[in-house]
Number of protein chains: 2
Amino acid sequence: MKEIEGRIRVVIESVAPEIDSGYFPVKRAVGEKVAVEADIFADGHDSITARLLYKKPHNEKWQEAPMIFIENDRWRGEFIVEEVGIYTYTLMGWVDHFKTWQNDLKKRVSAGQDIGVDILMGAEYIEEASKRSSGEDRKRLQEIAHFFRAESEKEEIVSISLSRGLSELMDRYPDRRFAKRYDKELSVVVDRPKALFSTWYELFPRSCPYRSGNHGTLKDCETVLPEIARMGFDILYLPPIHPVGKTNRKGRNNVPDSEPDDVGSPWAIGSEEGGHKSIHPALGTMEDFQRLIERAGDYGIEVAMDLAFQCSPDHPYVKEHPEWFKWRPDGTVQFAENPPKKYEDILPLNFETENCRDLWDELRSVVLFWIERGIRVFRVDNPHTKPFPFWGWLIKEIKRDYPDVIFLSEAFTRPKVMYHLAKLGFTQSYTYFAWRNTKWELTQYINELAKTNVWEYFRPNFWPNTPDILPEHLQYGGRNAFMMRLVLAATLSSNYGIYGPAFELCINEAVQGKEEYLNSEKYELKNWDWDREGNLKDFIARVNKIRRENPALQSTFNIEHYEVDNDNLFFYGKYTDDFSNIILVIVNLDPFHVHSGRVKIPVHKFGIEPHQPYLVHDLLGDDKFIWQGERNYVEINPYISPAYILRLRKKLKREMDFDYFM
Amino acid sequence: MKEIEGRIRVVIESVAPEIDSGYFPVKRAVGEKVAVEADIFADGHDSITARLLYKKPHNEKWQEAPMIFIENDRWRGEFIVEEVGIYTYTLMGWVDHFKTWQNDLKKRVSAGQDIGVDILMGAEYIEEASKRSSGEDRKRLQEIAHFFRAESEKEEIVSISLSRGLSELMDRYPDRRFAKRYDKELSVVVDRPKALFSTWYELFPRSCPYRSGNHGTLKDCETVLPEIARMGFDILYLPPIHPVGKTNRKGRNNVPDSEPDDVGSPWAIGSEEGGHKSIHPALGTMEDFQRLIERAGDYGIEVAMDLAFQCSPDHPYVKEHPEWFKWRPDGTVQFAENPPKKYEDILPLNFETENCRDLWDELRSVVLFWIERGIRVFRVDNPHTKPFPFWGWLIKEIKRDYPDVIFLSEAFTRPKVMYHLAKLGFTQSYTYFAWRNTKWELTQYINELAKTNVWEYFRPNFWPNTPDILPEHLQYGGRNAFMMRLVLAATLSSNYGIYGPAFELCINEAVQGKEEYLNSEKYELKNWDWDREGNLKDFIARVNKIRRENPALQSTFNIEHYEVDNDNLFFYGKYTDDFSNIILVIVNLDPFHVHSGRVKIPVHKFGIEPHQPYLVHDLLGDDKFIWQGERNYVEINPYISPAYILRLRKKLKREMDFDYFM
């Protein structure tokens, strides 16, 4: 026992957030709040004071925020993150003898006890504090102590003793000799705002000839930028743009044998034309790519690249680094498989190789190569099939120099694996959203993502479809279902994306009995008619505009579920901390029938009296309703619109009379 | 990145039990099980194998227990603790290429794929394992590999490949080069069985003259040992037996001024006759005390001492170590207070003293002093008013050399403080039981103690009364309430105690408006009539006999709550792991009225078919009932008995006909 340690009487435990004993950081975007709670207590009846300490990135100075007592020994403090990078936080607490003295004095005075000795004790505390202070404060503290000792009027001494002024003054010079400092320093990875609020559009550039039958090019992609921007997307994600392997190339509909004119899967990366640092010659040149990035930027769109760390049998790595692959006893290289399924066009990298150090370095160089060419967003293909330590290392390495880089994890696998990848540093993650359809399923899942500690490190990105996934409800629910799923994705999650134009064209032909596209674009060129009748472009543009204009929809974690007495209606709300933006969403989960019900609005929470009318404005259909009280009636016809996205406006009755009732 | 680390693909997280990041140990008594769960997974689709590693006290060798997959990446393993002391445990997991190969082979064979190359790969794994093996195993593995390579019949190779024999053989020689070892070693404090199952009797020795008016002695105490043993108690706890201070001694009913013949509170420790290492001369000598310990031992009773680390103003410490006390500006020593309440007869020790090292050493020497005189059980008075680091240090110091010592924490304070003391090492803890009366309150509280992770480190000890606490329901409920509360304490918690003979004599006169005894024994000698009519001695003896004879009641944490359709009836059960002892308890919580209801027995859990009759034997009233199915009727008249303590016996119908129906 060290002499000091024995006198540290405060305990700090059950700190939240603290992921896996603090081994992993939590995540925030610039402007978000970090609220820290902990159990803080000491022996006996003495008062304690606690502070939240935090450090900005590349800053050695701790800043302090107060911790406020909640109840049952639980305390809470908070700070706002303002810079991209890694923040650190910890806690400190100490027995506050002066505060104890103040509380006791109050009780003694109430009980009419003599306080002569107590005044002398108070004077001592104040004198001690004065020694820790300087300037005006020091002078003031000395004066007060002197006044206490000068046999002044007791009532006046008590009044000064319990005054806010003295409390604040004393609070600036606490006796922290035996303060407990929490034994861990925890961290927050702070990302740029797009990590939390982003709208993705996935596009195969080779199908982008904009009405022609040829292999599309990066240059062609420029022509669709205005339309993608008009729809309101701010990330354009391109599947791999590298040379595609020829050996064992897959034909249309994933058949093992390809025809000479088949283009193959872009995820079978690498040929004699190059590997992960090359661009498929049929798509264009590096200059074309950099111009596309620039043009997209002009429209407020960032280009996201695919990171698929696997090779076609023709990839240069196979010859240059045979040790990075698994070789079978018959002398052939091991292709990807999940028995009995075989993916002969793709070779996994062997991360158990003795040269894994070289392999890791090379893969890092791939990421840096594209970063140097202007890419800051990566969608990572199947990260769950590469070792976890690799991702932890890679993301840390990259973000050290480029903290603004965003990595989206495309892991559709078991929940704990997906969450672990997020803990290791992925900025955003794909989810099970595509398979969550009923009100119960959606409620459970959203609560898991937003209301357990998962939200601290896992940022969901909701996709109603991907080139790999055409869910059953889109296959059968038709256009109405596409609209409904878009509203859900876009309002439940602040990060969402679609694979287009298959989505806005409501393409729903699937491989028999599977949730996969028939004639999938993964294996063939498509000649999309972007303006086909019934397309959802205007609808999508409207939804994305609502997202941009309503800050409540720019977070995922502020969601609250509300009651409605019809299981086909799904009702939830989001609002800003200051209630300046309140959005209520009611979705008809049945794409075939009209449903109605009585919703329950938590008016008390919004500061609305039961008798007070308020306005709800459907931002989707532009209707306005005057509602009153908790229970109000809604009816949703999916052939007109799948949902209400209501902005609630609380106004004084007077204003409403003149303003809204017109 | 170290080369090896990069190839460690398994993750181990969310380990349970693990208290506060492993900072605190869990607790078990000899014979109890430690079941460890964790999320264990790797990237990709490879199979994994995991082991639970554990070490006995003073043993450097790790033993291994298998971990079994449960679901959702959760694994579980267990071991039984057999020795008093500190066990250590951790986990290990690795990618098991051979197991993966077996699973893949099975799938390939089902799909009718060629397995020529796979057989060669299997041979390689077996050869590698043979190099790690020796003796017969090595020979056998080499033979199998040879057989695989010898172009043998494929069907036979597959049969051997998937055989349990080969799996077990290979399991003995795993390839652990890249095994993940969990990065913490966690610990289990293993106590002797009495830590988990004990029955306490608190007695003021000075009131033990067995029908005479004089100050009782330790010698007198010997005369009541047979009766205490007959009632079934195995720990006799004595409030402080040290000299009592005279300065500011409290009079009867805690009045500030005492009369010359007042005996004072035994917790006001110390006078010119000595301090914490002395015995009050009126009680007898050290020899008397040691003889009492011996005699009690003859009856299977251990004597427990009180550790009250505080002093009367007359304690020798005050003169010898004035620096261990707080001095006020007026030159007086600070007495205990909780403003506006004052305890002038007691001085707290000042643990913030600069000489705290000396103070700690002295207090340790007090504990060792009594250990050397044969004491192994301490009831610790108000531990929550002394610093936490002190207790952590003291208990560790003592248990290092005397791991069989039991410390009972008498902290009636806020829950987190009580739990923290338990984490620091207290063997047992007082609880809020005295203030939990309704079915809802009891259910909530028991679930908190037994069904959250609190049970891993906090062993409850239930007391229906103490010299400080005469709860309202005992004041008003009379004898019926005393019986009801005894059954609750004795069957809910495997550790319980009473303050006698006030309890068995149903003393219920309280200070007006308080939950305190009128004419409390804390401040005066009592002349109890141990055989007074209406005493509960036989009833208590019966309940304690039931506890001794039924192992299901010898744990607190095996409790399950069952349904009954009457909120005045409280129904719960406990059973041994092997169902050989099943106890169902139904308590009438209303001491005034008969209550009846339909209980719901979880017959399916006990392996009883819905149509099958079974016997329930009320061990309290000795009635037997034949029940059938889930729902059965009970009626409890509190004037006859407060409860049923049913032993359920599941028998074949045939046996029952001849055996039970007589």
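Residues numbered from 1 in each chain as written. Chains lettered and ligands numbered in written order. Predicted model: local features only at pLDDT ≥ 70, side-chain atom pairs only at ≥ 80, totals over all residues. Heavy atoms only, no water.

## Re the nonpolar core
- Of all hydrophobic cores here, the largest spans 163 residues; its most connected members are Phe289, Phe309, Trp370, Phe378, Phe407, Leu488 and Leu492 of chain A.
- Per element, the largest residue contribution to this core is 11 residues, and it comes from helix α13 (residues 472-492) of chain A.
- Counting only domains with at least three residues in this core, you end up with domain 1 (1-96 + 181-191) and domain 2 (554-660) of chain A.
- Counting 162 residues, the second largest nonpolar core, distinct from the first, contains Ile12, Ala38, Leu91 and Val405 of chain B. (Core = buried A, V, L, I, M, F, W, Y, C linked by side-chain atoms within 4.5 Å. Buried < 20%, exposed > 50% of the residue type's maximum accessible area, 1.4 Å probe, protein only. Helix = DSSP H or I, 4+ residues; strand = E, 2+ residues; numbered from the N terminus. Domains from an automatic or database assignment.)

## Notes on the interface of chain B and chain A
- Facing 65 residues of chain B, the contacting portion of chain A comprises 65 residues.
- Across the chain B to chain A interface the summed buried area is about 5,600 Å²; carbon plus sulfur atoms make up 54%.
- Taken together, the connections running from chain B to chain A amount to 10 salt bridges.
- Here glutamate 337 of chain A and arginine 108 of chain B are joined by a salt bridge, their closest N and O atoms 2.8 Å apart.
- Tallying contributions element by element places helix α11 (residues 415-423) of chain B first for the side of chain B that touches chain A, with five residues.
- Here the side of chain B that touches chain A is built from residues that sort into 24 nonpolar, 13 polar and 28 charged. (Contact = heavy atoms within 4.5 Å. Buried area = accessible area lost by both parts, 1.4 Å probe. Salt bridge = Lys/Arg side-chain N within 4 Å of Asp/Glu carboxyl O. Nonpolar A, V, L, I, M, F, W, Y, C, P; charged D, E, K, R; others polar.)

## Here's the deal with the packing of aromatic side chains
- All told, the structure shown has 88 aromatic pairs over all chains when counted by the stated rule.
- Note on tryptophan 200 of chain A and tryptophan 463 of chain A: the rings are 6.3 Å apart at their centroids and 65° apart in plane angle, and the pair reads as edge-to-face. Of the two residues, tryptophan 200 of chain A sits in strand β11 (residues 198-202) while tryptophan 463 of chain A sits in the loop between β21 (460-461) and α13, which places them 263 residues apart along the sequence. Side by side, tryptophan 200 of chain A and tryptophan 463 of chain A carry an identical accessibility label, which is buried.
- Aromatic side chains tyrosine 201 of chain B and tryptophan 530 of chain B sit 6.3 Å apart centroid to centroid with 35° between the ring planes, which places their arrangement in the tilted category. With tyrosine 201 of chain B in strand β11 (residues 198-202) and tryptophan 530 of chain B in the loop between β22 (495-499) and α14 (537-549), this residue pair connects regions lying 329 residues apart in the sequence. (Phe/Tyr/Trp six-rings, centres within 6.5 Å; stacked < 30°, edge-to-face > 60°.)

## Digging into the confidence of the model for chain A
- On average, residues of chain A score 95 in pLDDT, and 97% of them reach the 70 mark or higher.
- Among the prediction metrics, the complex's ipTM stands at 0.95, with pTM recorded as 0.95. (pLDDT = per-residue confidence, 0-100.)

## A short note on helix α6 (residues 218-230) of chain A
All names here are of chain A.
- Taking 1.5 Å of rise per residue, the 13 residues of α6 would be expected to cover 18 Å, and the 19 Å separating its terminal C-alpha atoms lies within 8% of that figure.
- Its axis deflected by about 40° at valine 224, α6 carries its strongest bend there, up to four residues before the proline proline 226.
- Burial in α6 covers these residues: Leu218, Cys221, Glu222, Val224, Leu225, Glu227 and Ile228.
- On its buried face, α6 sits against β11, β12 (235-237), α7 (286-298) and α14 (537-549). (Expected span 1.5 Å × (residues − 1). Bend = angle between axes of the 7 residues up to and from the residue.)

## A look at the sheet that holds strand β19 (residues 406-410) of chain B
All names here are of chain B.
- As summarised here, the arrangement of the eight strands in space is β21-β20-β19-β18-β13-β12-β11-β22, forming an open sheet in which the pairing is parallel. Every interior strand has two partners, whereas the edge strands, β21 (460-461) and β22, have only one.
- Sheet topology note: the β11/β22 ladder contains five bridges and is parallel. By the bridge assignment for β22, tyrosine 201 is matched with isoleucine 498. (Pairing = 2+ DSSP bridges.)

## Focus: the side chain of arginine 74 of chain B
- As for its position among the elements, arginine 74 of chain B is in strand β7 (residues 74-80).
- Since its relative accessible area comes to 15%, arginine 74 of chain B is described here as buried.
- At 3.1 Å, the side chain of arginine 74 of chain B forms a polar contact with the side chain of glutamate 37 of chain B.
- Excluding residues within four positions of it along the chain, arginine 74 of chain B makes contact with Lys416 of chain A together with Glu13, Ser14, Ala16, Glu37, Ala38, Asp39, Ile68 and Phe69 of chain B. (Polar contact = N/O pair within 3.5 Å; in protein donor to acceptor, adjacent residues only side chain to side chain.)

## A closer look at the packing of helix α3 (residues 135-149) of chain A against helix α4 (residues 154-161) of chain A
Residues and elements named next belong to chain A.
- At a minimum axis separation of 10 Å, α3 and α4 run at an interaxial angle of 150°. Judged on the interaxial angle alone, α4 and α3 are roughly antiparallel. The way α3 lies across α4 gives a crossing that is left-handed. Within the contact between the two elements, α3 uses Ile144, Phe147 and Phe148 and α4 uses Glu156, Ile157, Ile160 and Ser161.
- Residues belonging to the contact of α3 with α4 are distributed by class as follows: five nonpolar, one polar and one charged. (Axes fitted to C-alpha atoms, helices over the stretch in contact; angles between N-to-C directions. Parallel < 35°, antiparallel > 145°, perpendicular 65-115°, else oblique. Left-handed = near helix turned anticlockwise from the far one by under 90°.)

## As for the pattern of salt bridges
- Evaluation of the coordinates by the stated rule reveals 127 salt bridges over all chains.
- The salt bridge partner of arginine 51 of chain A is aspartate 171 of chain A, with a shortest N-O separation of 3.9 Å. Of this pair, arginine 51 of chain A sits in strand β4 (residues 48-55) while aspartate 171 of chain A sits in helix α5 (residues 164-171), and the two are 120 residues apart along the sequence.
- Taking relative accessible area as the criterion, arginine 51 of chain A reaches 13% and is therefore assigned buried.
- Under the relative-accessibility criterion, aspartate 171 of chain A is labelled partly exposed at 34%.
- Residue glutamate 13 of chain B pairs with lysine 423 of chain A through a salt bridge whose shortest N-O separation is 3.2 Å.

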